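One letter stands for each residue in the lines below.
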Amino acid sequence: MSSILVHQALHGYNDGHRLISSSLPLDAIDARFMLVMSDLSGPGVKPSPNGYLTGYPLEKSGRYVLARTWAAPEMPRPGCVWTHSLIIENADLAKITSAQTLLGAFTRPAGMNIGLAYGAPVSVSAHPYPNGIERTERVELLLEALYSSPTKQVVTEAGEPFDDEKVVTAIWMQQWPRLRRSFGFCTLSGMDRSGKGIALDLQFAREKDRQLRSKFPDAILADRGGISDTLQPLLTDLAEPASSTLREFLKRIGGDVDGGRRAMRPLCELYSSLLGSHPPDLTSAVSALAALNGDGRRQARSVRTLVARQALKAAGQIEDEVFEFLLETLERSSDPAEQAEIGDRVGIELWRRSPRRFYSALVSEGPLGGVTSHALAEMQSDQIVAGLQTNGQIASAIAERRPDVLMHPAFWRIPEVDDGLAERISNQDVGRAARALLAAGRIGPATAIISRTDPVDLISALESAEADPSTMLQWLAVLCRDRNKTAAVLATGRVTRMATILAVARQSRPDDVPNACGEDPWLIALRTATGVLVRSDEDFLSAFLLARALGWESRSQAELLRYSFTRVYRAFEEGGFSDEAKSIASWRLDWNAWFSSDMCVRLTETVTRRFVEQDLAPQSFGRLTDDGPLAISLIDEAARTGRGRKYLERVRMALKDATEAGIRARADYIAKKLK
């Protein structure tokens, strides 16, 4: 068991009340205080045989005095006393856990050479096991008076001296070291001893209630009510200190709080909130921290850190007050490690709770600015967009720092988001952004985005399942104003919907899409596109492609004629064309020598002449239609001219080895026709 050295002094009668002996030189001010405090505690006071205790600080020298005073009837003058004072360094006082070791060091003077016995320090053990005291109404009254009226002196009627000493020293030892070294008391006062220069927190007097109020006008009496719930942990700890953690909590936390006795109630509330409930009651803990004093949250660094860590474990569920505490702790922190520990979760949670406040912190200086900046970098983009849904005013500013939000359809659905933001999209991301804009129904950025987007990415975006149909059509209209881009998109081989081809056709003219080399982009698109069109749309597209095939832009005329001929023929035959489709289909049909108005005849003659005169692929002519009679009519038309007959011979050669019987029959028919 460790021990500490305690200085001592003896005061007594020597031609007046004087210092008889001391183990250390005393400062003049301290010497004057001790001389006053060691004298009899008031007129008419009659100490018991074991004397009474007085405890008070020597603030100037950083020491504490615990003194026992006995009556000295052996002295020649009435009212003389002996006072043995133990002078304890404040640092050593913090090591002591029980007053018993100090009380055991008191010695009443006896014999003639009394000065020698008090001229050297004494050794006392520092860590004896603290004893409990009985839970009585008297103890409750004292605790309530001391800590509910922290600025007042407390006075109470003295009881049995031994019991009073047990109670007062137990209360004193329960306090954290910083409070303990400022706590003054006297177990038998005949007057208000605070008037002697040192304010005593607790005094015991033999007077009854009315006399107490008269003698101690500035004090409160410990005689009202029971102990409050907040202070119950103190009572439990005093009764069973061995099984309580309160004393250790106060020792750890009390060291960095001001306020003396005022701090006891909030510290007890902190203890109950953090250690007395599961899960911890963080709202109460934060309230207790705020109550430490007017600037309490700056104090109790260790408990603030403890509360902050507990709050971080459930940052998404804590009350607003607790979250505000986290923010405040972060803002006040100068510890980079603490900032990092708190910041990671607080930043993201701040965004969830208030994106606008998050943004305010983001553009500010200080720890919270750094935390929010880091959080913004770490958050998922969909989480950011979710926060912007109802905070559109900051959407543009946030997008500057997190441009990936521009790839989210939900971002573009925010009304406050300006189309001009699309200009900030990188070339690398423009394809994804196009998909988002189409899904969000944005038209404004279409021109800028289409011009920058890779054709494969663009058709993928246009045909994505998320794309708004109406918006897609408007984007296609914009696309069709750029003929080369339209050609590139059709030529990707990624067009999957016949509806897309139809939509482009309706926004274009037959010769708009260039075909300087390779296959016609329309033909490439037709190979990969699927889907069923309604009859009128099918007729329109056939008419459109027929007109393109009969023009001079396409390099795949034969294939386009093969696609469109039969459909257009049947439409003319059945009279099912709309005026628009009929106009397109008849646009490039030749007039024959008889100026016939029979569109089927004109179509057959025009198509046959185009194959013959331009020497288009004979294979395609032979397979231009699946309709046998119609195919015969085409052959008959070609056979009308010598040039046509020569062309038919090549057609026969192309078909004669076909696997299909019907196609071989056409070759046979041509052979007979040419004989």
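Scoring rules and cut-offs
Residues numbered from 1 in each chain as written. Predicted model: local features only at pLDDT ≥ 70, side-chain atom pairs only at ≥ 80, totals over all residues. Heavy atoms only, no water. Core = buried A, V, L, I, M, F, W, Y, C linked by side-chain atoms within 4.5 Å. Buried < 20%, exposed > 50% of the residue type's maximum accessible area, 1.4 Å probe, protein only. Helix = DSSP H or I, 4+ residues; strand = E, 2+ residues; numbered from the N terminus. Contact = heavy atoms within 4.5 Å. Pairing = 2+ DSSP bridges. Phe/Tyr/Trp six-rings, centres within 6.5 Å; stacked < 30°, edge-to-face > 60°. Lys NZ or Arg CZ within 6 Å of the ring centre and 35° of its normal. Salt bridge = Lys/Arg side-chain N within 4 Å of Asp/Glu carboxyl O. Axes fitted to C-alpha atoms, helices over the stretch in contact; angles between N-to-C directions. Parallel < 35°, antiparallel > 145°, perpendicular 65-115°, else oblique. Nonpolar A, V, L, I, M, F, W, Y, C, P; charged D, E, K, R; others polar.

What follows deals with the nonpolar core. Within the largest apolar cluster, 194 residues are counted, with the highest numbers of intra-cluster contacts made by Leu270, Val307, Phe411, Trp412 and Trp475. Among the elements that line this core, the one with the most residues is helix 28 (residues 535-550), at nine residues. With near-sequence residues (within four places) excluded, Val307 lies in contact with Leu270, Leu274, Leu282, Ala285, Val286, Leu289 and Phe325. Ranked by size, the runner-up nonpolar core spans 15 residues in total, among them Met34, Met37, Leu58 and Val65.

What follows is about the pairing of strand 7 (residues 153-157). Where burial is concerned, most of strand 7 is hidden: four out of the five residues are buried. Relative to strand 9 (residues 202-205), strand 7 runs parallel, the two being bridged by four bridges. Among the inter-strand pairings, Val155 is bridged to a residue of strand 9, identified as Gln203.

Moving on, we get to the packing of aromatic side chains. By the definition in use, this model includes 12 aromatic pairs. Relative to Tyr569, the ring of Phe565 has its centre 5.9 Å away and its plane inclined at 45 degrees; by these criteria the two rings are tilted. Pair noted here: Phe565 and Tyr569 are both in helix 29 (residues 557-574), with a separation of four residues, about one helical turn. Across this residue pair, the class does not change: Phe565 and Tyr569 are buried. Between the aromatic rings of Phe572 and Phe577, the centroid separation amounts to 5.1 Å while the plane-to-plane angle is 75 degrees, which identifies the pairing as edge-to-face. Phe577 matches Phe572 in its accessibility class, with the two residues each being buried. Following the ring pairs from residue to residue traces out a cluster consisting of Tyr64, Trp172, Phe183 and Phe185. A cation over a ring is seen here: Arg353 above Phe323, with NZ or CZ 4.5 Å from the ring centre.

With that settled, consider unusual backbone geometry. Its identity as a non-glycine residue notwithstanding, Asp15 has a phi of 60 degrees, on the positive side. Looking at the secondary structure, you find Asp15 in the loop between strand 1 (3-13) and strand 2 (17-22). For Asp15, a relative accessible area of 60% puts it in the exposed group. Of note, Asp615 is a non-glycine position whose phi angle comes to about 50 degrees, a positive value. Along the chain, Asp615 falls in the loop between helix 31 (599-613) and helix 32 (618-622). Owing to a relative accessible area of 43%, Asp615 belongs among the partly exposed residues under this scheme.

This brings us to the pattern of salt bridges. One pass over the full model with this rule turns up 39 salt bridges. A salt bridge links Asp512 to Arg509; its shortest N-O distance comes to 3.3 Å. Residue Asp512 is classed as buried on the basis of its relative accessible area, which comes to 13%. Two residues, Arg609 and Asp590, come together in a salt bridge whose shortest N-O distance is 2.5 Å. Taken together, the residues Arg609 in helix 31 and Asp590 in the loop between helix 30 (579-586) and helix 31 connect sequence positions 19 residues apart. Residue class for Arg609 comes out partly exposed when judged on its relative accessible area of 28%. Exposure remark for Asp590: the relative accessible area of 25% places this residue in the partly exposed category. Three or more residues joined by partner-sharing salt bridges are found here, namely Asp320, Glu349, Arg352 and Arg353.

Next up on the list: the packing of helix 26 (residues 498-506) against helix 27 (residues 521-528). Closest axis-to-axis distance for the helix 26/helix 27 pair is 9 Å, and the angle between their directions is 155 degrees. The orientation of helix 26 with respect to helix 27, classified from their angle, is roughly antiparallel. Contacts between helix 26 and helix 27 involve Met498, Ile501, Val504 and Ala505 from the former and Trp522, Ala525 and Leu526 from the latter. Considered class by class, the residues forming the contact of helix 26 with helix 27 number seven nonpolar, no polar and no charged.

A few words now on helix 26. Buried residues dominate helix 26, accounting for seven of its nine residues. Looking only at helix 26, the buried set comprises Met498, Thr500, Ile501, Leu502, Ala503, Val504 and Ala505. Those residues of helix 26 that are buried lie in contact with helix 23 (455-462), helix 24 (469-480), helix 25 (483-490), helix 27, helix 28 and helix 29.

Time to look at the environment of Ala665. Its location among the elements puts Ala665 in helix 35 (residues 661-674). Sequence separation of Ala665 and Thr390 is 275 residues, and the distance between their C-alpha atoms is 72 Å.

Okay, the pairing of strand 1 next. Of the pairings in the sheet, the one linking strand 1 to strand 6 (residues 122-125) comprises four bridges and is antiparallel in character. By the bridge assignment, Ile4 is partnered in strand 6 with Val124. Inspection of the sheet shows strand 1 paired to strand 5 (residues 81-89) by five bridges, in the antiparallel sense. Note that in strand 5 the partner of His7 across the bridge is Ile87. Bridging between strand 1 and strand 2 involves five bridges; their strand directions are antiparallel. Within strand 2, the residue paired with Leu10 across the bridge is Ser21. In this antiparallel pair of consecutive strands, strand 1 and strand 2, the connection spans three residues, and Asp15 shows a positive phi of 60 degrees.

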